[in-house]
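In case you want the letters, here they are:
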Amino acid sequence: MRSKARKVAIAGVGNVGSSCAYSLINQSICDEIMLIGRTPDRAVAQALDLSHGMDFVQSRTRIYTGTYEDCTDMDVVILCAGGYPTEGKDRIGTLSLVYDIYKDMIPRIMNSGFQGIVLAAANPVDVVTYMVWKLSGLPRGQVIGTGTSIDSSRLKTLLCEHFPVDPRSVHGYVLGEHGESQFPAWSHVTIGGKPIRDILAQHPARFGHVKLEKIAEQTKNAGWEIFTRKGSTHYGIGNALAYITRSILNDEHRIIAVSAVLEQEYGQSGLAAGVPAIITRSGVKEIVELNLTPLEEQQMNFSCRTIRNAIEQLSLG
Ligand SMILES: NC(=O)C1=CN([C@@H]2O[C@H](COP(=O)(O)OP(=O)(O)OC[C@H]3O[C@@H](n4cnc5c(N)ncnc54)[C@H](O)[C@@H]3O)[C@@H](O)[C@H]2O)C=CC1
Ligand SMILES: CC(=O)C(=O)O
């Protein structure tokens, strides 16, 4: 019998926060969810709305509202407070807004005595992950960003428009920034264990129309394609957050492309970036270092430089 309730707090209950709660509930990933909203009334309404579906799900999740000061015994705190750029396609454009939010929020969470895992979705997520690590003083493995998990899933989904398999049978990662400088590490993308480039080379008549550069571009633009049509993207990232949270709470050791604080992995330091990592009860247990081709190394260096330049705009000490 489980002795301790699995508790998750969600800070920011807009589209992403509420979709994340919905995924956690429908997949029975935790026992309790505490919603923390800037507008208490909205948080109460979200908690009530989510609770009213409890008769129809597999197991009961207790949903209630709270404050940053109530995070003491949370296993995971998920950060969804943030905003979207008002113009252009650059997530880094929201940096000063999120810095103002998190430099107030993180000390309040830490002053509660919280010692769990922080999981950030707010953009620019790699910068937010590094900022939260600095502001919290937590060990680096305990601060995780959703990073390129959503981009990796988008890549697999797009590939399966051309290859007749389930996206979960495609393996590989988008690396670097969850943003404009991201790139798929094509040298490690496999379908049924076969490198994708070998499949293309061996079956020109069947797959000659598949252009990897075009798929990389579509992957990068996928969020904006949704955003320009409906003003936010939230279901996909809600599932990504639930998937990462499940690997944490169940100590699953899944390898997921998350934003992790790097200390010499991939030759990079002083930032967080999207890399494959083993996710366990203690957070990032280990970063998986892929052997990149010279071109992929250049792409990784460029992407990390982009994130580091944004971090340098902040005074994080
Ligand atoms: N990592 C990813 O792949 C994705 C990240 N996002 C990011 O997630 C964040 C949230 O997006 P949405 O939920 O769609 O936005 P939203 O506008 O629906 O919700 C934002 C929430 O942040 C809260 N908030 C704003 N300022 C605050 C403050 N000063 N203190 C406390 N809470 C505050 C608002 O009250 C609201 O609940 C954004 O940063 C967005 O860019 C969104 C989609 C995908
Ligand atoms: C908004 C965002 O970061 C995304 O959907 O990719």
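For clarity, every value in this text was computed on a predicted model and none was experimentally measured.

Novice: Quick one: what's the story with the UniProt feature "binding site: NAD(+)" (unreviewed entry) in the protein chain, residue by residue and with numbers?
Specialist: UniProt records the feature "binding site: NAD(+)" (unreviewed entry) at Val16, Arg42, Tyr68, Ala121, Ala122, Asn123 and Thr146, using the numbering of this structure. In terms of the greatest pairwise C-alpha distance, the residues named above, spread along 131 residues, do not form a single cluster, extending to 24.6 Å across. Structurally, the position occupied by tyrosine 68 is in the loop between β3 (62-65) and β4 (76-79). If sequence neighbours within four positions are ignored, tyrosine 68 has contacts with Ile36, Met105, Arg108, Ile109 and Ser112. By the element assignment, alanine 122 lies in the loop between β5 (117-120) and α4 (125-136).

Novice: Give me the lowdown on the packing of helix α1 (residues 15-26) against helix α9 (residues 235-249), citing residues and values where you can.
Specialist: Two numbers describe how α1 lies on α9: the axes approach to 8 Å, and their chain directions differ by 50°. Here α9 runs oblique to α1, going by the angle between their axes. Crossing of α1 against α9: the hand is right-handed. Within the contact between the two elements, α1 uses Val16, Ser19, Cys20, Tyr22, Ser23 and Leu24 and α9 uses Tyr235, Ile237, Gly238, Asn239, Leu241, Ala242 and Thr245.

Novice: Any details on the site of ligand 1? Residues and values, ideally.
Specialist: Around ligand 1, 26 residues are found, and the nearest of them are Gly14, Val16, Ala81, Gly82 and Asn123. In terms of residue count, the dominant contributor to the shell around ligand 1 is α1 (three residues). A class-by-class count of the residues in the shell around ligand 1 yields 11 nonpolar, 14 polar and one charged.

Novice: How would you explain the sheet that holds strand β7 (residues 170-171) if you had to name every residue and give the values?
Specialist: Judged by pairing direction, the sheet is antiparallel, and its three strands sit side by side in the order β7-β10-β11 without closing on themselves. Taken across any chain shown, the strands that pair with only one partner, and hence form the sheet edges, are β7 and β11 (194-195). Summarising the sheet, strand β10 (residues 190-191) and β11 pair through two bridges and their orientation is antiparallel. When the sheet's bridge partners are listed, isoleucine 191 is paired in β11 with lysine 194.

Calculation rules
Residues numbered from 1 in each chain as written. Chains lettered and ligands numbered in written order. Predicted model: local features only at pLDDT ≥ 70, side-chain atom pairs only at ≥ 80, totals over all residues. UniProt positions renumbered as here; feature names shortened; annotations may be inferred. Helix = DSSP H or I, 4+ residues; strand = E, 2+ residues; numbered from the N terminus. Contact = placed C-beta atoms within 7 Å. Axes fitted to C-alpha atoms, helices over the stretch in contact; angles between N-to-C directions. Parallel < 35°, antiparallel > 145°, perpendicular 65-115°, else oblique. Left-handed = near helix turned anticlockwise from the far one by under 90°. Near = placed C-beta within 6 Å. Nonpolar A, V, L, I, M, F, W, Y, C, P; charged D, E, K, R; others polar. Pairing = 2+ DSSP bridges.

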